[in-house]
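The primary structure of each chain is shown beneath.
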Amino acid sequence: MKYWRGYLTAFIFAVITWALMQLGQNFTGLVDMVYPYVIRTLQNMLALWSGGVDFVVWQMLAMVLLVLGLATAVLMIVLKWNPIQWFGWVLATVSCVYMLYTLVFGLNYFAGPLAEDIRLEVGSYTVEELTEAAEYYRDKANELADKVNRNADGNVDFADFDTLAQQTGDGFHALTYEMSYPIFAGETLPVKALHWADWFTKRGITGITMGLTGEACVNPNIPDILLPFSMSHEMSHRMCIYTEEDANFAAFLAGHVNESIEYQYSAYFMAYRYCYMSLLNANTTATSAAAARVNSGVNNKFYQDLQYYTQFFSKTRGGGTATAAIAEPDENGFVSYGKVTDLLVSWHIQQIVLPDITVEEDPFDPYDSTQVDLSGNVNYKEPTEPVETTEGAE
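Overview of the structure. (Residues numbered from 1 in each chain as written. Predicted model: local features only at pLDDT ≥ 70, side-chain atom pairs only at ≥ 80, totals over all residues. Heavy atoms only, no water.)

Some points on helix α2 (residues 28-50)
Taking the largest bend as the criterion, α2 deviates by roughly 35°, centred on Tyr 35, and proline Pro 36 comes between one and four positions later. The set of residues buried in α2 consists of Val 31, Tyr 35, Pro 36, Ile 39, Arg 40, Gln 43, Asn 44, Leu 46, Ala 47 and Ser 50. Contacts made by the buried residues of α2 are with α1 (5-26), α3 (57-79), α4 (83-104), β1 (192-193), β3 (215-218) and α9 (227-238). (Bend = angle between axes of the 7 residues up to and from the residue. Helix = DSSP H or I, 4+ residues; strand = E, 2+ residues; numbered from the N terminus. Buried < 20%, exposed > 50% of the residue type's maximum accessible area, 1.4 Å probe, protein only. Contact = heavy atoms within 4.5 Å.)

Some remarks on helix α14 (residues 339-356)
Compared with an ideal rise of 1.5 Å per residue, which puts 18 residues at 26 Å, α14 spans 25 Å between its outermost C-alpha atoms and is within 8% of the ideal. At Ile 349, α14 shows its strongest bend, of approximately 30°. For α14, the set of buried residues is Val 340, Thr 341, Asp 342, Leu 343, Leu 344, Val 345, Ser 346, Trp 347 and His 348. (Expected span 1.5 Å × (residues − 1).)

A word on the packing of helix α11 (residues 261-282) against α14
Contact geometry of α11 with α14 gives a least axis separation of 9 Å together with a crossing angle of 115°. Here α11 lies roughly perpendicular to α14, going by the angle between them. Handedness of the α11/α14 crossing: left-handed. Together, Ala 271, Tyr 274, Cys 275 and Ser 278 of α11 and Val 340, Thr 341 and Leu 344 of α14 make up the contact between the two elements. Along the lines of polarity and charge, the residues of the contact of α11 with α14 split into five nonpolar, two polar and no charged. (Axes fitted to C-alpha atoms, helices over the stretch in contact; angles between N-to-C directions. Parallel < 35°, antiparallel > 145°, perpendicular 65-115°, else oblique. Left-handed = near helix turned anticlockwise from the far one by under 90°. Nonpolar A, V, L, I, M, F, W, Y, C, P; charged D, E, K, R; others polar.)

A short note on the pattern of salt bridges
Considering all chains together, one arrives at five salt bridges under this definition. Note that Arg 138 is salt-bridged to Asp 139, the shortest N-O span being 3.0 Å. With relative accessibility at 40%, the residue Asp 139 sits in the partly exposed group. (Salt bridge = Lys/Arg side-chain N within 4 Å of Asp/Glu carboxyl O.)

Structural notes on the packing of aromatic side chains
Per the stated rule, a full pass over the model turns up 26 aromatic pairs. Residues Phe 172 and Phe 184 carry aromatic rings whose centres are separated by 5.8 Å and whose planes lie at 50° to one another, so their mutual orientation is tilted. With Phe 172 in helix α7 (residues 161-177) and Phe 184 in the loop between α7 and β1, the pair connects residues that are 12 residues apart, well separated along the chain. With respect to class, Phe 172 is no different from Phe 184; both count as buried. Joined through ring pairs, the aromatic side chains of Tyr 265, Phe 269, Tyr 272, Tyr 276, Phe 302, Tyr 309, Phe 312 and Phe 313 make up one cluster. (Phe/Tyr/Trp six-rings, centres within 6.5 Å; stacked < 30°, edge-to-face > 60°.)

Observations concerning unusual backbone geometry
The phi angle of most residues is negative, glycine excepted, and most peptide bonds adopt the trans form. The phi dihedral of Ser 180 is positive, around 60°, even though this residue is not glycine. With a phi close to 55°, Trp 196 is a non-glycine residue in the positive phi region. Tracing the sequence through the fold places Trp 196 in the loop between β1 and α8 (197-202). Classification of Trp 196 by relative accessible area gives partly exposed; the value is 46%.

Some remarks on the packing of helix α10 (residues 244-256) against α14
For the pair α10 and α14, interaxial distance at closest approach is 8 Å and the crossing angle is 35°. Judged by the twist between their axes, the crossing of α10 over α14 is right-handed. Of α14, the residues touching α10 (which contributes Glu 245, Asp 246, Asn 248, Phe 249, Phe 252, Leu 253 and His 256) are Lys 339, Val 340, Leu 343, Leu 344 and Trp 347. In terms of residue class, the contact of α10 with α14 is made up of seven nonpolar, two polar and three charged.

Describing the side chain of Asp 246
Here Asp 246 shows up in helix α10. Lys 339 provides the closest opposite charge to the buried, unpaired Asp 246, separated from it by 8.7 Å. Here the side chain of Asp 246 touches Leu 114 through a polar contact of 3.0 Å, landing on its backbone nitrogen. The residues contacting Asp 246, other than those within four sequence positions of it, are Pro 113, Leu 114, Ile 241 and Leu 343. (Lys, Arg positive; Asp, Glu negative; His and termini not counted. Polar contact = N/O pair within 3.5 Å; in protein donor to acceptor, adjacent residues only side chain to side chain.)

Here we look at the sheet that holds β1
Across a sheet, strands are paired by hydrogen bonds formed along the backbone, either parallel or antiparallel in direction. An order of β1-β3-β2 is seen for the three strands of this open sheet, with the pairing classed as mixed. Only two strands of the sheet have a single neighbouring strand rather than two, namely β1 and β2 (207-210). (Pairing = 2+ DSSP bridges.)

Quick look at the side chain of Thr 102
Here Thr 102 shows up in helix α4. Here Tyr 98 takes part through its backbone oxygen, which lies 2.9 Å from a polar atom of the side chain of Thr 102. Once residues lying within four places of it in the same chain are set aside, the contact partners of Thr 102 are Thr 17, Leu 20, Met 21, Tyr 35 and Leu 107.

Digging into the pairing of β3
Burial of β3 is two-sided: the residues Glu 215 and Cys 217 facing one way and the residues Ala 216 and Val 218 facing the other way are all buried. Strand direction decides the pairing type here: β1 and β3, joined by two bridges, are parallel. Bridge assignment links Lys 192 to a residue of β3, and that residue is Cys 217. Where β2 lies against β3, four bridges are found, and the strand directions are antiparallel. The residue bridging Ile 208 from the neighbouring strand is Cys 217, located in β3. Hairpin geometry of β2 and β3 is characterised by an intervening segment of four residues between the two adjacent antiparallel strands and by a positive phi of about 65° at Gly 214.

Here we look at the environment of Gly 88
If you trace the backbone, Gly 88 turns up in helix α4. Here Gly 88 falls in the buried class, since its relative accessible area comes to 0%. Distance from Gly 88 to Tyr 7, taken between C-alpha atoms, is 4.7 Å for residues 81 residues apart in sequence.

Okay, here's the thing in structure tokens:
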């Protein structure tokens, strides 16, 4: 029986994890109402704890567990331990870590979408509206592309990693206190640079947020144009914004209100790329023509940054963060061009297009019977036609 204790322990942890997942899946309303706010407080505490050191705590802990695993494997061979028993306890350790992750962070997956928290109505839209959004983000990026610092090769030359990391929280602070979005009221300690960045770069990984230690980490080797966006993306994860599409949209929101021109350019750069790639990948006559038309308006500096971004990620497995799905209708007939694109287009319509539409109305007159029903007033008299008189009649 002692040989199977590790497997039994792993099974117990797995059952607890399964029960937590079922709770999140079947009681999404309760999870959305309570869990993110409790866990956000825990994440703040963990971030303050792990932020006391410069190195990435979770990577160090992972290395310790790996070394312990190898050491026990060697001891198993030397001391002739039972390999079945050894593997059982390895499995139990992995199962325990995953259970803890689910408990302290993973259930955020079942919380409500970000759009509900910021009162953004996400609905159907036309190819024309998608094109207009892409043009809006393109024009903003064009303007900023001419203002950011560049090196001798013409590529963007942003501030160093630590300086950018110090600025990430400014955008979330503006969203929270100037735009009244409490969903972004999490800890804004700077994100950390991932160790062994080359390993992550080869796999197209731009960043990782570890809920067990409250650390938001970014790959320092990615192009400068993407660094501010990725820093905002990972910080939003630490604020319990779990899904990738919501974290990407949060990164745009935080970037475009940040006072740093580098954050603004990174935000509009990625927003344009999402919309443009959605048009391109939809692969219809209308969307292909729209994509070509939109792309023709990209200025030289912006175009160079787009090319550099594409070339960098074409060498990796992941292909970068901005990928777009082919447009497909859902069960209600709503055609989606990718969840991030849906959010960006809806935001453009609600925040940019609609406020610019002005409707001229006649001033309200409480005595005008065409504007107010006065028939119930006891003093009301039906208007009579004026009597025509002939001037000069005898």
